[in-house]
Amino acid sequence: MTEPEKRSYRFDRARRIKLQKDFRRVYQFRARVYDTRVAICCRPTGAENPARLGLSVAKKAVPKAHNRNRWKRLIREAFRLNFYEIPQGFDYIVIPQKLDHVPTYAQIVDSILTQTLRASRKAARIEEQRRAAANRETQDAPTRPEESAATSESAAQE
């Protein structure tokens, strides 16, 4: 008999977004989804890569430091314990919405699971559209060499 695969529930360095350039890449990809508790930004990284989590808890949205820390603890714990239910191959940045109170752990888990699924689908759709547009551009350029030659000749005459 084969042993079942051991799952690690550690929140180690490979599952975190720490560098500013990685945060910037996720924000610039512009795949965002929202609900009443959290906003999630997402970017595909490749199916072989694990999901990674970044946190952005603004003082403007959560003014009290102890509430900001609680948000971060709850989000990290929800991500860590539900890591294998979250779509892999994406970077996620979780941003708490401005609320009067910190939601319960169960509410955060519900938001994280539903919104990461929505965000990953949206990011995959955007990535597919960008690839299709890039393929169209590369296919158009080499198929019409006479047009590019005529354009360059007219530009040279002016």
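Refer to the structure printed above.
This is a predicted model, so every value here is computed, not measured. Sequence order as written defines residue numbering, which begins from 1 separately in each chain. Restriction of local features to residues with pLDDT of at least 70 applies here, the model being predicted, together with a cutoff of 80 or more for giving and counting side-chain atom pairs; totals for whole chains, interfaces and linings are based on all residues. Calculated side-chain values reflect all of the structure's heavy atoms, with hydrogen atoms and water omitted.

Further remarks concern the packing of aromatic side chains. Aromatic pairing here means that ring centres of Phe, Tyr or Trp (its six-membered ring) are within 6.5 Å. Orientation follows from the plane angle: under 30 degrees is stacked, over 60 is edge-to-face, and everything else is tilted. Taken as a whole and judged by the stated rule, the model has five aromatic pairs. Ring geometry for Y9 versus Y84: centroids 5.6 Å apart, planes at 85°, classification edge-to-face. In this pair, Y9 sits in the segment before helix 1 (20-29) while Y84 sits in the loop between helix 2 (65-81) and strand 4 (90-96), placing the two residues 75 residues apart along the sequence. Classification of Y84 as partly exposed rests on a relative accessible area of 29%. Look at F83 and Y84: their rings are 5.2 Å apart centre to centre, the planes differ by 90°, and that puts the pair in the edge-to-face class. Each residue in the set Y9, F11, F79, F83 and Y84 is aromatic and connected to the rest through ring pairs, giving one cluster. Of note, R15 hangs over the ring of F83, and the distance from its end group to the ring centre comes to 3.8 Å. Against the face of F29 rests R130, its NZ or CZ located 4.5 Å from the ring centre. Each helix corresponds to a stretch of at least 4 residues labelled H or I by DSSP, and each strand to a stretch of at least 2 residues labelled E; elements are numbered beginning at the N terminus. Here the term buried applies to any residue with accessible area under 20% of the maximum for its type, exposed to any over 50%, and partly exposed to those in between, with areas from a 1.4 Å probe on protein chains only. Only lysine NZ and arginine CZ atoms are considered, and such an atom sits over a ring when it is within 6 Å of the ring centre and within 35 degrees of the ring normal.

As a further point, take the pairing of strand 1 (residues 31-34). Remark: a regular strand shows side chains that alternate across the two faces of the sheet. Of the two faces of strand 1, only the one carrying A31 and V33 is buried; R32 and Y34 on the other face are not. DSSP-based pairing: two strands are paired if at least 2 bridges between them are found. Here strand 1 pairs with strand 2 (residues 38-44) via four bridges, running antiparallel. Directly across from R32, in strand 2, lies its bridge partner C41. Adjacent in sequence and paired antiparallel, strand 1 and strand 2 are bridged by three residues.

Here G54 shows up in strand 3 (residues 52-55). Linking G54 and I95, residues 41 residues apart in sequence, is a C-alpha distance of 8.8 Å. Contacts were defined at the residue level, with two residues in contact if any of their heavy atoms lie within 4.5 Å. Not counting the four nearest positions on each side in its chain, G54 is found in contact with I17, F23, Y92, I93 and V94.

This paragraph deals with unusual backbone geometry. In most cases, non-glycine residues show a negative phi, while peptide bonds are predominantly trans. Positive phi values are uncommon outside glycine, yet R30 reaches one of about 65°. With respect to the helices and strands, R30 occurs in the loop between helix 1 and strand 1.

We call a set of buried residues a nonpolar core when its members are Ala, Val, Leu, Ile, Met, Phe, Trp, Tyr or Cys and they connect through side-chain atoms within 4.5 Å of each other. Counting 29 residues, the largest nonpolar core has W71, F79 and Y92 as its most contacted members. Broken down by secondary-structure element, the contributors of at least two residues to this core are strand 1, strand 2, helix 2, strand 4 and helix 3 (105-143). Residues F23, V26, C41 and I93 belong to the second largest nonpolar core, which totals five residues.

For patch detection, residues must exceed 30% relative accessible area and be free of salt bridges, and they are connected within 9 Å for like charges or within 5 Å for nonpolar side chains (Val, Leu, Ile, Met, Phe, Trp, Tyr). For the accessible areas, the method is Shrake-Rupley and the probe is 1.4 Å, while residue cover comes only from the protein chains on display. Note on definitions: salt bridges are taken to be side-chain nitrogens of Lys or Arg within 4 Å of carboxyl oxygens of Asp or Glu. Counted charges follow a simple rule, with Lys and Arg positive, Asp and Glu negative, and His plus the chain ends left uncounted. A charged residue contributes its charge at one atom only: NZ of Lys, CZ of Arg, CG of Asp or CD of Glu. Together, R13, K18, R70, R73 and R76 line one region of the surface with positive charge. By the secondary structure assignment, R13 is in the segment before helix 1. On the basis of relative accessibility, which here comes to 65%, the residue R13 falls in the exposed class.

Below, the discussion takes up the pattern of salt bridges. Considering all chains together, one arrives at six salt bridges under this definition. Here D22 and R25 are joined by a salt bridge, their closest N and O atoms 3.4 Å apart. Taken together, the residues span about one helical turn, with D22 and R25 both in helix 1 at a distance of three residues. Accessibility expressed as a relative area gives 41% for R25, which makes it partly exposed.

Now for the sheet that holds strand 2. A sheet is described by the order of its strands in space; here four strands give the open sequence 1-2-4-3, paired in mixed fashion. Each edge of the open sheet carries a strand with a single partner, namely strand 1 and strand 3. Across this sheet, the average inter-strand angle for adjacent strands is 20°, counted without regard to direction. Note that strand 2 and strand 4 share seven bridges and pair antiparallel. Considered in strand 4, the bridge of V38 is made with P96. For helices, the fitted line uses only the C-alpha atoms of the stretch in contact; every axis is such a line through C-alpha atoms, and the angle between N-to-C directions lies from 0 to 180 degrees. Across the sheet, helix 1 touches strand 1, strand 2, strand 3 and strand 4, and the angle it forms with strand 2 is around 100°. On top of the sheet, helix 2 reaches strand 2, strand 3 and strand 4; it is set at about 170° to strand 3, its chief contact.

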